[in-house]
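Summary of the model geometry
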Amino acid sequence: MIQPFRTRRRTFFASLAGLPGLHLLASEGRAAPREDARTPAAGRDVIGELGVRSFINAAGTFTALTGSLMPPEVVSAIQVAARKYVRLEDLHNAVGARIAELLGCEAALVTAGCASALSLATAACVAGDDPERIRRLPDTQGMKDEVLVQRTHRVGYDHAIRNAGVRMIEVETREELERAISDRTAMMFFFNAADPRGQIHREEFIEIGKSHGIPTLLDAAADVPPVDNLWKYTKMGFDLVGFSGGKGLRGPQSSGLLLGRKDLIEAAKLNNSPNSDSLCRTNKVNKEEIVGMLVALERYLQLDHDAIWKEWEGRCHRIIEALSEFDDVQTEIYVPEIANAVPHLRIRWDSEKRGIRPSEAVEKLRNGDPSIEPSPGSGRRDVVIGVWMMEPGDDAIVGDRLREILAGA
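My aim in this report is to walk through the structure given alongside it, one point at a time. Everything numeric here is computed off the predicted structure, so don't read it as measured data.

Computed from the structure, the second largest pocket encloses a volume of approximately 700 Å³. Taken together, 33 residues line the second largest pocket, and the ones lying closest to its centre are Thr 61, Tyr 157, Ala 221, Ala 222 and Lys 247. Per-element tally for the lining of the second largest pocket: the top contributor is helix 5 (residues 113-127), with 4 residues. Here the lining of the second largest pocket is built from residues that sort into 19 nonpolar, 11 polar and 3 charged.

What follows concerns the pattern of salt bridges. One pass over the structure, following the stated rule, counts 34 salt bridges. We note a salt bridge from Lys 210 to Asp 239, for which the minimum N-O separation is 3.7 Å. Of this pair, Lys 210 sits in helix 9 (residues 202-212) while Asp 239 sits in the loop between helix 10 (229-236) and strand 7 (240-244), placing them 29 residues apart in sequence. Look at Lys 210 and you get partly exposed, because its relative accessible area is 48%.

Before going further, it helps to spend a moment on the sheet that holds strand 12 (residues 383-386). As summarised here, the arrangement of the 3 strands in space is 9-10-12, forming an open sheet in which the pairing is antiparallel. If you trace the sheet from one side to the other, it starts and ends with strand 9 (330-334) and strand 12, each paired once. Averaged over all pairs of adjacent strands, the angle between strand axes in this sheet comes to 20°, irrespective of strand direction. Bridge analysis of strand 9 against strand 10 (residues 344-348) gives 5 bridges, and the strand direction is antiparallel. Bridge pairing in strand 10 links Glu 332 to Arg 346.

The next subject is the environment of Ile 214. Structurally, Ile 214 can be placed in the loop between helix 9 and strand 6 (216-219). Taking the C-alpha atoms as reference points, Ile 214 and Cys 125, 89 residues apart in sequence, are found 9.1 Å from one another.

It is worth spelling out the side chain of Thr 111 at this point. Residue placement: Thr 111 occurs in strand 2 (residues 107-111). Of the residues examined, Thr 111 reaches a relative accessible area of 1% and is grouped as buried. Separated by 2.8 Å, the side chain of Thr 111 and the backbone oxygen of Gly 113 make a polar contact. Ignoring any residue separated from it by four or fewer positions in sequence, one finds Thr 111 in contact with Ser 116, Ala 117, Leu 120, Ser 254, Ser 255, Gly 256, Leu 257, Leu 258 and Val 285.

A word on the pairing of strand 2. Within strand 2, 5 of the 5 residues are buried, leaving the element largely enclosed by the surrounding structure. Burial of strand 2 is two-sided: the residues Ala 107, Leu 109 and Thr 111 facing one way and the residues Ala 108 and Val 110 facing the other way are all buried. As defined by bridge partners, strand 2 adjoins strand 8 (residues 256-260) across 5 bridges and the pair is classed as antiparallel. From the neighbouring strand, Ala 108 faces strand 8, where its bridge partner is Leu 259.

Before going further, it helps to spend a moment on unusual backbone geometry. Cis geometry marks the peptide bond from Leu 137 to Pro 138; its omega dihedral reads 10°. Here the amide bond leading from Pro 225 into Pro 226 is cis, since omega sits at 5°, within 30 degrees of zero. With respect to the helices and strands, the residue Pro 226 is situated in the loop between strand 6 and helix 10. Look at Thr 66: it is not a glycine, yet its phi comes out positive at around 65°. Among the secondary structure elements, Thr 66 is positioned in the loop between strand 1 (55-58) and helix 3 (72-81).

Direction vectors running N to C along helix 5 and helix 11 (residues 262-270) enclose 105°, while the axes themselves pass 8 Å from each other. Between helix 5 and helix 11, the interaxial angle falls into the category roughly perpendicular. Here Leu 120, Ala 124 and Cys 125 of helix 5 lie close against helix 11, whose contacting residues are Leu 264, Ala 267 and Ala 268. Of the residues that constitute the contact of helix 5 with helix 11, the class distribution is 6 nonpolar, no polar and no charged.

Here we take up helix 5. Taking 1.5 Å of rise per residue, 15 residues should cover 21 Å, and helix 5 covers 21 Å from first to last C-alpha, within 8% of that figure. Most of helix 5 is tucked away: 14 of the 15 residues are buried. Just downstream of helix 5 lies Gly 128, where phi reads positive at about 60°.

Note that soluble globular proteins tend to have their nonpolar side chains buried in a common cluster. Ile 99, Leu 103, Leu 230, Phe 243, Ile 319 and Ile 385 are the most contacted members of the largest nonpolar core, which has 84 residues in total. Per element, the largest residue contribution to this core is 9 residues, and it comes from helix 12 (residues 287-302). If you look at the next biggest cluster of nonpolar residues, it comprises 36 residues, including Ala 117, Ile 134, Val 147 and Ala 160.

To continue, consider the environment of His 159. For His 159, the location among the structural elements is in helix 7 (residues 159-162). Since its relative accessible area comes to 47%, His 159 is described here as partly exposed. On a C-alpha basis, the gap between His 159 and Leu 118 in space is 9.2 Å, while along the polypeptide they are 41 residues apart.

Reading guide: rules and limits
Residues numbered from 1 in each chain as written. Predicted model: local features only at pLDDT ≥ 70, side-chain atom pairs only at ≥ 80, totals over all residues. Heavy atoms only, no water. 1 Å grid on protein atoms, 1.4 Å probe; cavity = no way out; pocket = protein on both sides within 12 Å on 5 of 7 lines; lining within 4 Å. Points joined across faces, edges and corners; volume = space filled by probe spheres on them. Helix = DSSP H or I, 4+ residues; strand = E, 2+ residues; numbered from the N terminus. Nonpolar A, V, L, I, M, F, W, Y, C, P; charged D, E, K, R; others polar. Salt bridge = Lys/Arg side-chain N within 4 Å of Asp/Glu carboxyl O. Buried < 20%, exposed > 50% of the residue type's maximum accessible area, 1.4 Å probe, protein only. Pairing = 2+ DSSP bridges. Axes fitted to C-alpha atoms, helices over the stretch in contact; angles between N-to-C directions. Polar contact = N/O pair within 3.5 Å; in protein donor to acceptor, adjacent residues only side chain to side chain. Contact = heavy atoms within 4.5 Å. Parallel < 35°, antiparallel > 145°, perpendicular 65-115°, else oblique. Expected span 1.5 Å × (residues − 1). Core = buried A, V, L, I, M, F, W, Y, C linked by side-chain atoms within 4.5 Å.

If you want it as structure tokens, here you go:
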């Protein structure tokens, strides 16, 4: 059984109290690790009316599976905000200042997801705060229009960068990176989850960017938890860092965070909605998402992260116990090194002896009542259960269903 990060996780909680602004939350106490965000609210169940099937989330915070469930206090704050008019710029500025204080960075902006943060960061680095250049994007004639990236850091999400009209210049080594830097270089991009695969790691990447005066952008969309990542990378020296708001933070699924240098954040605002003739006018974030993102962040910083981690491990162990009668079933608790770095449960068995393939078990999980959605990629060689987005009691349902499927086979 793999148990990484235990020592490191326990050490960073002591640093929380020293964060700027966090003292403002102290009087509100520490939130309990268990709560059911699916408690029915008054009002119509439109999803049910339309016959769209919901499921137990045994996968994780995937956009295609609608991310996470917002906690009641986030939903409540959104409902209050929905009944008030404000100047959007005023709210953006106030919430950005509050988030920057909480996380100890120069500036912050609530975005329409992390992809929006990447687009805004690129626009800020290319067009800056020049109104004429902002209007012309993605026409980059006369502007810096190249973004440097390690070949192993190319991902489907970098379309959010390319839509600013830039070219992605791929490199592999430090020498190639430094040779590629020119007067056309607008930005250097780093995909956090790809750090182990690249030859240039975070600290060296930052050092190269700073030595040449090139802004560095880090995509850390799925990299909370651990909680200290929220300030780790800006303090490390990245000029801009993007996070998803609707994953581990459990804010609105259509929200995100862009953190970093004040001048670049201010430029990002000018390239953003509600400015009508701007690249990211389509990346609209209204008062509900802005308020929901702030409340979700405040809540997240108060949580007893150690207790929550133990609960996640407990869910894995309860599922393991449900399968203990099968001598051919192997289970393993593991934690991905980066991105969704939380306990997952891998389940394997002898398909010939058991008479059922993992892919067939996955279909039975999905087609049962209630439907259960395992982690993407399940069904090839094993079934992977992500426990961290489950609600209380879901682990028992998942364990019982898996036992029924394997016994019935």
